[in-house]
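# Report on the structure
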Amino acid sequence: MAHRSPSPSPAPVDTIDLLAPSLCLNPDAIADLAPVQPSEHNLLPSTFPTLTWSEQSSLHHNVSLGEKRLCYRHRPDLRSKRAADESQLEELQQDIRLLPSHDQQIISHIWSLFGSAPASHRQLVLSGLLTQCCVPQLSFLSNHLQPLLRIDFLTILPPEISLRILSYLDATSLCHAAQVCKSWKRLADDDVVWHRMCEQHIGLKCTKCGWGLPLLEKKKVRAKRQQLSYPSYIQEVAEVQALPLQIDTAVSSHPSPSPSASPSSPNFPSRRRSASSDLESDSRSTKRARHDSRSPSPSYNSNDYPAPLFQSPVPPAKPEGTTKRLWKDIYSERLIVERNWRKRNYKVKQFRGHTDGVMCLQFDDSFLITGSYDNSVKVWNVETGECLRTLTGHALCVRALHFDEAKLITGSMDRTLKIWNYHTGQCIRTLQGHTDGVVTLDFDSRILASGSVDATIKIWNFATGQCSTLKGHDDLVNKVQIYKKDFLFSTSDDTTVKLWDIAAGVCLRTFSGHTGRVQSLQTSGEALISIIANRRHDKFAALEPASQGSNAVVSRGRATSPAYESSSSDSEARTTRSIVVTGGLDNTLKIWDVETGACLNTLFGHEEGVWSLAFDKLRIVSGSLDKTIKVWDTESGECLYTLSGPEGPVTCVGLGDTKVVGGSADGSVFLWDYGARM
């Protein structure tokens, strides 16, 4: 065969143009690719065989491309996201440029044939190549195939499925996922994912990781209150007429409910409720009083009770338009506070002004109010520590106080209770009915409960002015707390804790277990608390006598406690229940199951009697006569650490999402702030 005369060498062909079509991820470009034919431009020898696939195979290949869904590597919409292939393409280009032009064309022809082959032919070609590969080539393939088989599943899956997958990650893993690429960051930062994360952790302990985040709900309440026309609201409170009230102290100890004459007062916007409840209470407060068959209402003459105990003015209308925060920002804010709690990062603030021991206190995000043996009540600014005003009027020491948005009620050893407008310092009304000093009080939107040294509990109706009496304790009543609106808990120096039906005026259950005077108590309210309880207590609870009627009354309002979810050992299990925590002068705290009356846990650690306590879903704080405040884990009952500072016995404590406040018999008040950035 005659050889062709050599012709001038054409300009070198850019190999990127030869590689790109055969490596293109777009199958349309592969389908249009024609086999390389010998010509003067590609320098292929005339003896080089011209190879093409059969018409049947080409037709089958084109039909397959039209019918089958594109695989991950051949999706056109992902081509721009696969920078790794572009980098590899540049490396191949540099290597091929080192070869002779003849070899470059042969390699490009092989790639062209493979790129235009149907899938079945490709597998045959690869199988044949693998049989001819030596170990070094096989090792080369293994190293290069592993990264190529990785799939960006979050990008190719529908967004709903990707968000569902990410919702199972913890916060640390989500942050790591956000650092992979921009598309992962967009998904990992989505509000849906972080909303689920907040639901698992905020206000409760996560069942997966075992820790939780604080609510920080009072910040929202304060922000909304600042947006309201608050000065005019305070002025309306000050203008409430305080008409004289005469209470008949000889009321029966077992009042019978009267549905026809038991209206309840409008709801007060309470600081102790959740943020959502505060918003709802604003709208409910505009409604007129309704008749409530559960309110204690013995028969009375309307002339004897000319006016309600207290009229709450209508709060200003809620502002329209609220700024929506990202759930990730909310989670981050609470995570900082939780880390401060765990690492004991806090700032200590001291309030001094009382000349005698501080016996009671309450605080929110704006105000701290304290009552003392110096017969006065002081209102403090929580942030600045400034004493805003001092309320005087009691003849003896102030032992109890409680406040909400509109009013402050104090109880004193002078046998009286006083209702104050603490924004102005005005005393609105004085209530008389106890025959000895008032030691404790609690109220909600309908009633006020007070306990006294005379061993009785009085229930005052805000709307009607009625007063009824509960008798059953053998010694002075140290603490009362309203539970689920219709029930009342009380503790006494007779070492017992009692649960009362307010409307019926009867004691439903007596909790016995303390060996000393029971000084303090707090219930979980409507919330279910996750705890680790000893199963032996449940066996004992089954042996305790309890009437069927009592169980039915206590259980009203929520379903029976769920079964044990997961067992940590043979003797312990985690469950969620309504609980009550008590502290006594026997140096212990006890956690009780409200429904069964069983003692779930006893906390030891204080060297002297426990005088005061407070708790939420995450932790318990207790103040003792040993001059310390201890922080406990609510679920396990483990003592986390001890706060010191007061030089005298700790007589009262308060707990918030970011703060612990303790009052001492030496007249000082200490505040530990965990919300401040260190």
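Residues numbered from 1 in each chain as written. Predicted model: local features only at pLDDT ≥ 70, side-chain atom pairs only at ≥ 80, totals over all residues. Heavy atoms only, no water.

This paragraph deals with the sheet that holds strand β10 (residues 416-421). If you trace the four strands from one edge of the open sheet to the other, you get β8-β9-β10-β11, paired in antiparallel fashion. Taken across any chain shown, the strands that pair with only one partner, and hence form the sheet edges, are β8 (398-403) and β11 (426-432). The mean angle between the axes of side-by-side strands here comes to 20 degrees, regardless of whether they run parallel or antiparallel. With five bridges joining them, β8 and strand β9 (residues 408-412) adopt antiparallel strand pairing. Across the sheet, the residue bridging to valine 398 is serine 412, located in β9. (Pairing = 2+ DSSP bridges. Helix = DSSP H or I, 4+ residues; strand = E, 2+ residues; numbered from the N terminus. Axes fitted to C-alpha atoms, helices over the stretch in contact; angles between N-to-C directions.)

On to the nonpolar core. Leu166, Leu174, Trp194 and Tyr331 are the most contacted members of the largest nonpolar core, which totals 18 residues. When contributions to this core are tallied by element, the ones reaching two or more residues are α9 (159-166), α10 (171-177), α11 (182-188), α12 (191-201) and α16 (327-343). Sort the elements by how many residues they give to this core and α12 lands first, with four residues. Core analysis: the second largest hydrophobic core is formed by 15 residues, Trp341, Val653, Val660 and Phe670 among them. (Core = buried A, V, L, I, M, F, W, Y, C linked by side-chain atoms within 4.5 Å. Buried < 20%, exposed > 50% of the residue type's maximum accessible area, 1.4 Å probe, protein only.)

Moving on, we come to the pattern of salt bridges. Going through the model one piece at a time under the given rule, you end up with ten salt bridges. Overlapping salt bridges, with partners in common, bring together Lys185, Asp189 and Lys328 in one network. (Salt bridge = Lys/Arg side-chain N within 4 Å of Asp/Glu carboxyl O.)

For α16, which comprises 17 residues, the first-to-last C-alpha distance of 24 Å matches the rise-based estimate of 24 Å (1.5 Å per residue) to within 8%. Taken as a whole, α16 has its buried residues at Ile330, Tyr331, Arg334, Leu335, Val337, Glu338, Asn340 and Trp341. Looking at the residues trailing α16, positive phi occurs at arginine 344, about 60 degrees. (Expected span 1.5 Å × (residues − 1).)

The next subject is the UniProt feature "repeat: WD" (unreviewed entry) in the chain. Sequence positions flagged by UniProt for "repeat: WD" (unreviewed entry) are, in local numbering, residues 351-390, 391-430, 431-470, 470-510, 578-602, 603-642 and 643-678. Structurally, residues 351-390 is divided into 0% helix and 60% strand, and its ends, taken at the C-alpha atoms, are 14 Å apart. (UniProt positions renumbered as here; feature names shortened; annotations may be inferred.)

In this section: a nonpolar patch on the surface. Taken together, the side chains of Leu130, Leu138, Phe140, Leu141, Leu145 and Leu149 make up a nonpolar region of the molecular surface, amounting to roughly 570 Å² of accessible area. Sort the elements by how many residues they give to the nonpolar patch and helix α7 (residues 135-148) lands first, with four residues. Locating leucine 138 in the fold gives a position in helix α7. (Patch = residues over 30% accessible without salt bridge, like charges linked within 9 Å, V, L, I, M, F, W, Y side chains within 5 Å. Areas by Shrake-Rupley, 256 points an atom, 1.4 Å probe, with all protein chains shown as cover.)

All told, the structure shown has twelve aromatic pairs when counted by the stated rule. Ring centres 5.5 Å apart and planes at 75 degrees place the aromatic pair phenylalanine 351 and tryptophan 380 in the edge-to-face group. Of this pair, phenylalanine 351 sits in strand β3 (residues 347-352) while tryptophan 380 is found in strand β6 (residues 376-381), placing the two residues 29 residues apart along the sequence. Tryptophan 380 shares its class with phenylalanine 351; the two are buried. Grouping aromatic residues by their ring pairs yields a cluster made of Tyr483, Phe489, Phe511 and Trp592. The residue whose ring lies beneath arginine 196 is tyrosine 168, and the NZ or CZ to ring-centre distance is 5.5 Å. (Phe/Tyr/Trp six-rings, centres within 6.5 Å; stacked < 30°, edge-to-face > 60°. Lys NZ or Arg CZ within 6 Å of the ring centre and 35° of its normal.)

By the secondary structure assignment, serine 492 is in strand β17 (residues 487-492). Judged by relative accessible area, which is 0%, serine 492 ranks as buried. Within polar-contact distance, the side chain of serine 492 engages the backbone nitrogen of aspartate 494 at 3.1 Å. Once residues lying within four places of it in the same chain are set aside, the contact partners of serine 492 are His473, Asp475, Leu476, Val477, Asn478, Arg517 and Val518. (Polar contact = N/O pair within 3.5 Å; in protein donor to acceptor, adjacent residues only side chain to side chain. Contact = heavy atoms within 4.5 Å.)

What follows deals with the sheet that holds strand β29 (residues 628-633). Read across the open sheet, the four strands follow the order β27-β28-β29-β30; overall the sheet is antiparallel. Each of the sheet's edge strands pairs with one partner strand only, and the pair in question is β27 (610-615) and β30 (639-644). Here the strands of the sheet are splayed against their neighbours by 20 degrees on average, with no regard to which way each runs. Note: β27 against strand β28 (residues 619-624), five bridges, orientation antiparallel. Bridging from a neighbouring strand, alanine 614 pairs with valine 621 of β28.

Attention now moves to unusual backbone geometry. Note: most peptide bonds trans; most residues except glycine with negative phi. If you check the backbone angles, arginine 344 has positive phi at about 60 degrees while not being a glycine. In this structure, arginine 344 sits in the loop between α16 and β3.

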